[in-house]
Amino acid sequence: MAKPQADGAFLRIDSVVKEFGDFRAVDQVSLDIAKGEIFALLGSSGCGKSTLLRMLAGFETPTSGRIILNGQDLAGKPPYERPVNMMFQSYALFPHMTVADNIAFGLRRDGLPKAEIAQRVEEMLRLVQLTKLAARKPHQLSGGQQQRVALARSLAKRPQLLLLDEPLGALDKKLREATQIELVNIIEQVGVTCVMVTHDQEEAMTMASRIAVMSEGRFLQVGSPADIYETPTTRFVADFIGNVNLTDGRIVVDEADHVQIECADFMHHIGHGITGYLGQQVTVAVRPEKISLSAEQPAGRFNQVPGTVKEMSYFGDTTLYHLELASGARLKVTVENDSRDRSNAPTWGDRVWAHWQPNAQVVLTQ
Ligand SMILES: Nc1ncnc2c1ncn2[C@@H]1O[C@H](COP(=O)(O)OP(=O)(O)OP(=O)(O)O)[C@@H](O)[C@H]1O
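Residues numbered from 1 in each chain as written. Predicted model: local features only at pLDDT ≥ 70, side-chain atom pairs only at ≥ 80, totals over all residues. Heavy atoms only, no water.

**With respect to the nonpolar core**
Looking at soluble globular proteins, one finds that nonpolar side chains tend to be buried together.
Piece 1. Ranked by size, the top nonpolar core spans 47 residues in total, and within it Ile103, Leu155, Leu162, Leu164, Ile187, Ile211 and Ile241 carry the most contacts.
Piece 2. If you look at the next biggest cluster of nonpolar residues, it comprises 28 residues, including Leu31, Ile33, Leu52 and Leu163. (Core = buried A, V, L, I, M, F, W, Y, C linked by side-chain atoms within 4.5 Å. Buried < 20%, exposed > 50% of the residue type's maximum accessible area, 1.4 Å probe, protein only.)

As structure tokens, this is what we get:
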């Protein structure tokens, strides 16, 4: 994850709307992004994230609202006049040009002096650690190396704002993970402000200092990766990010310092007050790794439920259990595999008790 940056609006997106005919692809979004931030727009296909990115680049014009970069209103400015550069998923490297020529391309087009171009290309090659491969053509590079050339080419013009469109979509999983960290290091070294678009939540969590979760053209939640994961504010966000157990229930005790919520299979006891009222129907979210398993019933009567192991997924470091509860509902539990001895680990058909702490839950009212 990128380091958080000081507050302040280097990029201000102010009540931006984009309509295609009578369809609203981006619906009144506002956001301040600080200088040096790596910000991710995250959402599933069709949520409007690319349209917003394209408006930042100048490929689309907002129907209404303003985009202000470093104090300058970008309205009416074509893409080539904006201090903004976009790196596309396909990289769009020129196959017949060398790595160095690909990086120099935009600088030559802008008519920079030869010596300046040479110096910048050298600087960029060093930055992405491709100095030795400067004379190669794109087809002689690995996917990760091509991706770094594309990044070097985007940064060579020293944009104030770097836009990344699904930056690592073309790489396989293992290479993607390594490249995510590499990319963050390079972007942080240069200090450029960055907005990226992705539908891959792990990519957003790994790379961004903050994330906006988008759905139907709107921001559902904006926050750090940890904020969004630990304290989702809506059912949609809780469900979209990571694995979660969502259970409907009713508030039966509502005190300032504790709350009880009755669900079909168990009673939640929550060790703090919530914004809600007695009798209110709510959804309670509990992440699987916040739940423990034991063979015996734990003491007390809250935050616990018996179940039968119906499914298991072994991931090496953890195992994900699916328990079937009395009502037929399923509960997901992640257990860390911290012992090599698996003889005591629950297995298919076992009756076990699931239990969790009174601060494990997030209560959602929308
Ligand atoms: N030029 C256009 N004309 C009409 N509708 C459009 C146009 N561009 C985008 N849309 C619509 O706007 C909505 C948002 O599109 P957008 O490309 O921003 O989504 P996205 O979240 O980036 O999806 P994906 O991940 O699939 O690219 C979609 O329903 C799309 O069909």
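The structure having been displayed, the exposition proceeds.
**Here's the deal with the packing of helix α4 (residues 143–156) against helix α5 (residues 173–190)**
Piece 1. Two numbers describe how α4 lies on α5: the axes approach to 11 Å, and their chain directions differ by 20°. When the axis of α4 is compared with that of α5, the two are roughly parallel. Both α4 and α5 take part in a crossing whose hand is right-handed. Counting all contacts with α4, which are made through Gly143, Gly144, Gln147, Arg148, Leu151 and Leu155, the residues of α5 involved are Leu175, Thr179, Glu182, Leu183, Ile186 and Val190.
Piece 2. Among the residues forming the contact of α4 with α5, the class breakdown is six nonpolar, four polar and two charged. (Axes fitted to C-alpha atoms, helices over the stretch in contact; angles between N-to-C directions. Helix = DSSP H or I, 4+ residues; strand = E, 2+ residues; numbered from the N terminus. Parallel < 35°, antiparallel > 145°, perpendicular 65-115°, else oblique. Left-handed = near helix turned anticlockwise from the far one by under 90°. Contact = heavy atoms within 4.5 Å. Nonpolar A, V, L, I, M, F, W, Y, C, P; charged D, E, K, R; others polar.)

**Topic: the packing of helix α3 (residues 114–127) against α4**
Piece 1. At a minimum axis separation of 9 Å, α3 and α4 run at an interaxial angle of 140°. By the angle between their axes, α3 is oblique relative to α4. Helix-helix and strand crossings are classified by hand; for α3 and α4 the assignment is right-handed. Residues Arg120, Met124 and Leu127 of α3 lie in contact with α4, whose contacting residues are Ala152, Leu155 and Ala156.
Piece 2. Broken down by class, the residue content of the contact of α3 with α4 amounts to five nonpolar, no polar and one charged.

**Concerning the pairing of strand β12 (residues 259–263)**
Piece 1. For β12, the buried fraction is high: four of the five residues fall into the buried class.
Piece 2. The pairing of strand β11 (residues 245–254) with β12 spans five bridges and is antiparallel. Bridge pairing in β12 links Asp254 to Val259.
Piece 3. Connecting β11 to the antiparallel partner β12 that follows it, the hairpin turn spans four residues.
Piece 4. As defined by bridge partners, β12 adjoins strand β13 (residues 267–270) across four bridges and the pair is classed as antiparallel. The residue of β13 that forms the bridge with Val259 is Ile270.
Piece 5. Here β12 hands over to β13 after three residues, the two strands then running antiparallel side by side. (Pairing = 2+ DSSP bridges.)

**Quick word on unusual backbone geometry**
Piece 1. For Gln28, which is not a glycine, the phi torsion comes out positive at approximately 65°.
Piece 2. For Glu166, which is not a glycine, the phi torsion comes out positive at approximately 45°.
Piece 3. One can find Glu166 in the loop between β7 (161–165) and α5.
Piece 4. Residue classification places Glu166 among the buried positions, given a relative accessible area of 12%.

**Topic: the domain arrangement of the protein chain**
Piece 1. Segmentation of the protein chain into domains returns domain 1 (11–238) and domain 2 (243–364).
Piece 2. Spacing between the C-alpha centres of domain 1 and domain 2 amounts to 39 Å.
Piece 3. Inspection of the region where domain 1 meets domain 2 yields two salt bridges.
Piece 4. Lys290 serves as the salt-bridge partner of Glu230, at 3.2 Å between the closest nitrogen and oxygen.
Piece 5. In this assembly, domain 1 and domain 2 are joined by six residue pairs in polar contact (both at pLDDT 80 or more).
Piece 6. No other element matches helix α7 (residues 225–230), which puts three residues into the side of domain 1 that touches domain 2.
Piece 7. When its residues are assigned to classes, the side of domain 1 that touches domain 2 shows four nonpolar, two polar and two charged. (Domains from an automatic or database assignment. Salt bridge = Lys/Arg side-chain N within 4 Å of Asp/Glu carboxyl O. Polar contact = N/O pair within 3.5 Å; in protein donor to acceptor, adjacent residues only side chain to side chain.)

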